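Here is what each chain is made of, one letter per residue.
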There are 2 protein chains.
Amino acid sequence: VTAADAAALVDGARAGDRGAIARLLSLVESGGPEADAALSRLFPHTGTTYTVGMTGPPGGGKSTLTDRLVARLRRDGEEVGVLAVDPTSPFTGGAILGDRVRMQGHATDAGVFIRSMASRGHLGGLALATPQAVRVLDAAGKPWVIIETVGVGQVEVEVAGAADTTAVVLNPGWGDAVQANKAGLLEIADVLAVNKADRPGGDETVRDLRNMIEWSGPRDWAPPIVETVATEGRGVDDLWDAIAAHRAHLERDGRLATRRAARLRDEIEALVAERLGRRAGAVCTGARFDELLARVAAHDLDPHAAADALLDPRGQ
Amino acid sequence: VTAADAAALVDGARAGDRGAIARLLSLVESGGPEADAALSRLFPHTGTTYTVGMTGPPGGGKSTLTDRLVARLRRDGEEVGVLAVDPTSPFTGGAILGDRVRMQGHATDAGVFIRSMASRGHLGGLALATPQAVRVLDAAGKPWVIIETVGVGQVEVEVAGAADTTAVVLNPGWGDAVQANKAGLLEIADVLAVNKADRPGGDETVRDLRNMIEWSGPRDWAPPIVETVATEGRGVDDLWDAIAAHRAHLERDGRLATRRAARLRDEIEALVAERLGRRAGAVCTGARFDELLARVAAHDLDPHAAADALLDPRGQ
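Small disclaimer: the values here were computed from a predicted structure and weren't measured. (Residues numbered from 1 in each chain as written. Chains lettered and ligands numbered in written order. Predicted model: local features only at pLDDT ≥ 70, side-chain atom pairs only at ≥ 80, totals over all residues. Heavy atoms only, no water.)

## Overview of the pairing of strand β7 (residues 225-228) of chain B
Here's step 1: Where strand β6 (residues 191-195) of chain B lies against β7 of chain B, 4 bridges are found, and the strand directions are parallel. Looking across to β7 of chain B, one finds that Val194 of chain B is bridged to Glu227 of chain B. (Pairing = 2+ DSSP bridges. Helix = DSSP H or I, 4+ residues; strand = E, 2+ residues; numbered from the N terminus.)

Here it is in structure tokens:
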């Protein structure tokens, strides 16, 4: 991709060309200087998309619910992008396939753009790539982007938590396990959806969540709890209303701008940390490194001490 | 924890005191200068433990198989440590609980030490903490440490792949999904266990894996494929023999030492990268940072360009 190509891709994406959007998303996923150049061109044309994160345990119905929200937005004539965040591992094949198949109903709709975001092969790569992918869809004129997490690892939760509004999708019976991290859940949830709410235990789960929110003390925004049955489309309008209410809350008194500025601050710091970390390769080379490594291999020096010694300016 | 405390803990752990081992593992999990100090004291007493990684898709029976391997080792009079690697997220509660309950059979056996390794709250934290936890058990005199991954994310696979011998546990029917990353699997598997091999499709899965290994071309070590039924204890001795055969292979011609030195090299580089990354906080502060952030928030400068500007020595 040359600079001229990048410019053409950005123009294409802004005009809504699906091929250009897809190629820009691939560029963003692989990263590197060409991706940076394209993003620098895109960035002035972004800032209007509203992002919704959908996260929760596997098998909870996130994809089906996302699919229903997309249908709801399309009924209102709104265009929407969907990013399915999905750190690859040798063992994730089945889940990815299942999720993609479920979204096929929108595959021929030009107003919907669905994309799986796979790992960039290094830790934290996905967390850095996802906001860039949102920007591609933003510049392409999608007023809404839904970020759906496939896995439940730390990275995915972080990514979903970095949306303007984050919906956590649970099921009846959730929270029975002793170690369920309820505090961590409340930190990221702006809206709580109890999906499959017609199953036994639905009412108790709603009550538990309500208590949990009350006990956590007064807050700026108490996450509404919505009961849904995604497979039948039940509660989808309520969920949408809850998301819209949270958006309205953020847009009052400049909270949305403050939240986005805080995210940008975090993003810049993460980018700086990534760039600094990349310098490790240059530090870990040469005669001095070989000497320290030999001492570590001989158990004469521990790895932390070796790392400190390599970074000690007096040792250079 | 003072320096004197750390010394006492290390002495206690070396003498096999379970309380001291547990406290050192907690220290390692939380990280920081005290953990570094304790590890520096531990490190000269390590290097004898042999590590076995157990990884694979969820529900495949890794915990039950690990439990059986522990029993097998105990029959031979060998002591063993088990680290269950488990990046926390708000949604992992159930899985952790189930796994721990299954291992309770060894809870009262003084020759077995079982520990869940949870996240250290930052990406890559677990990958850095796990080798340190192995060192605690190593110094405590456990000749074997089994590293079992609970999740299937990139971090867990990386952690399990960093063992001396990595066993990948699959089930009949694995690999039917189109996207299953077979190349990634072969990169980490030293031994392949097809667990629940009595289920339909077991023979086909074994044949598929055998073909996959043959097609991947000649290699130093072709991972043996073992059929197991962990719940009935079937095939556990074969699995153990395969692990022992891989160990014998590595111990011939100094391959184990080479592999461990390569891991130490990677570990030191990761520690250097982490230390360099931590400097981002200091870079992302002050008037210049605020000015750049304001420009980014106004969409006048993109986040990558801001990060580059912050790291440009001419801009300081």
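There's more to say after this.
## Points about the nonpolar core
Here's step 1: Counting residues in each nonpolar core, the largest one holds 36 residues, and the members touching the most others are Ile268 and Val272 of chain A together with Ile268 and Val272 of chain B.
Here's step 2: Mapped onto this core, the elements with two or more residues apiece are α11 (255-278), α13 (286-297) and α14 (303-311) of chain A together with α11 (255-278), α13 (286-297) and α14 (303-311) of chain B.
Here's step 3: Setting aside residues no more than four positions away along its own chain, Val272 of chain B makes contact with Ala280, Val283, Cys284, Ala307, Leu310 and Leu311 of chain A. (Core = buried A, V, L, I, M, F, W, Y, C linked by side-chain atoms within 4.5 Å. Buried < 20%, exposed > 50% of the residue type's maximum accessible area, 1.4 Å probe, protein only. Contact = heavy atoms within 4.5 Å.)

## Topic: the packing of aromatic side chains
Here's step 1: Per the counting criterion, the structure on display carries 4 aromatic pairs over all chains.
Here's step 2: Ring geometry for Trp144 of chain B and Trp240 of chain B: centres 4.8 Å apart, planes at 65 degrees, overall edge-to-face. Separated by 96 residues along the polypeptide, Trp144 of chain B in strand β4 (residues 144-149) and Trp240 of chain B in helix α10 (residues 236-251) bring together distant segments of the chain.
Here's step 3: Take Trp144 of chain B: its relative accessible area is 10%, and that puts it in the buried class.
Here's step 4: Taken together, the aromatic side chains of Tyr50, Trp144 and Trp240 of chain A make up a single cluster linked through ring pairs.
Here's step 5: Between the NZ or CZ atom of Arg247 of chain A and the centre of the ring of Trp144 of chain A, over which it lies, the distance is 5.0 Å. (Phe/Tyr/Trp six-rings, centres within 6.5 Å; stacked < 30°, edge-to-face > 60°. Lys NZ or Arg CZ within 6 Å of the ring centre and 35° of its normal.)

## Regarding the pairing of strand β1 (residues 50-55) of chain B
Residue and element names in this part refer to chain B.
Here's step 1: Counting buried positions over the 6 residues of β1 gives 6, a clear majority of the element.
Here's step 2: A two-sided burial pattern is seen for β1, the buried positions comprising Tyr50, Val52 and Met54 on one face and Thr51, Gly53 and Thr55 on the other.
Here's step 3: The sheet contact formed by β1 and β4 spans 5 bridges and is parallel. Following the sheet pairing, Gly53 is matched in β4 by Ile147.

## Some thoughts on the confidence of the model for chain A
Here's step 1: Per-chain confidence: chain A averages 86 in pLDDT, with 86% of residues scoring 70 or above.
Here's step 2: The ipTM assigned to the predicted complex is 0.85, against a pTM of 0.80. (pLDDT = per-residue confidence, 0-100.)

## Considerations on helix α3 (residues 33-42) of chain A
Here's step 1: Every buried residue belonging to α3 of chain A is among Ala35, Ala38, Leu39 and Leu42 of chain A, and all of these are buried. One side of α3 of chain A carries all its buried residues, which in axial view fall inside an arc of 100 degrees.
Here's step 2: Buried residues in α3 of chain A make contact with α1 (3-14), α2 (18-30) and α6 (125-139) of chain A together with α14 of chain B. (Arc of directions from axis to C-beta.)

## Concerning unusual backbone geometry
It is generally the case that most residues other than glycine have a negative phi and that most peptide bonds are trans.
Residues and elements named next belong to chain A.
Here's step 1: At Asp253, a position not held by glycine, the phi torsion is positive, near 55 degrees.
Here's step 2: Mapping Asp253 onto the fold places it in the loop between α10 (236-251) and α11.
Here's step 3: Residue Asp253 is classed as exposed on the basis of its relative accessible area, which comes to 68%.
Here's step 4: The backbone phi angle of His299 is positive, close to 60 degrees, even though this residue is not glycine.
Here's step 5: Looking at where His299 falls in the secondary structure, it is placed in the loop between α13 and α14.
Here's step 6: Judged by relative accessible area, which is 23%, His299 ranks as partly exposed.

## Remarks on the environment of Glu267 of chain A
Residue and element names in this part refer to chain A.
Here's step 1: Tracing the chain through its elements places Glu267 in helix α11.
Here's step 2: Residue Glu267 is classed as buried on the basis of its relative accessible area, which comes to 8%.
Here's step 3: Taking the C-alpha atoms as reference points, Glu267 and Pro131, separated by 136 residues in sequence, lie 8.6 Å from one another.
Here's step 4: At 3.1 Å, the side chain of Glu267 and the side chain of Gln132 are in polar contact. (Polar contact = N/O pair within 3.5 Å; in protein donor to acceptor, adjacent residues only side chain to side chain.)

## Notes on helix α6 (residues 125-139) of chain B
Residue and element names in this part refer to chain B.
Here's step 1: Over its 15 residues, α6 extends 22 Å from the first C-alpha to the last, a length consistent with the 21 Å expected when each residue adds 1.5 Å.
Here's step 2: Burial analysis of α6 places 13 of its 15 residues in the buried class, which makes it a mostly covered element.
Here's step 3: Of the residues one or two after α6, Gly141 is the one with positive phi, at around 90 degrees. (Expected span 1.5 Å × (residues − 1).)

## Focus on a negative patch on the surface
All names here are of chain A.
Here's step 1: A contiguous patch of negative charge on the surface is contributed by Asp203, Glu204, Asp208 and Glu227.
Here's step 2: No other element matches the 3 residues that helix α9 (residues 202-215) contributes to the negative patch.
Here's step 3: Of note, Asp203 is situated in helix α9.
Here's step 4: Among the residues examined, Asp203 registers a relative accessible area of 54% and is labelled exposed. (Patch = residues over 30% accessible without salt bridge, like charges linked within 9 Å, V, L, I, M, F, W, Y side chains within 5 Å. Areas by Shrake-Rupley, 256 points an atom, 1.4 Å probe, with all protein chains shown as cover. Salt bridge = Lys/Arg side-chain N within 4 Å of Asp/Glu carboxyl O. Lys, Arg positive; Asp, Glu negative; His and termini not counted. Charge placed at Lys NZ, Arg CZ, Asp CG, Glu CD.)

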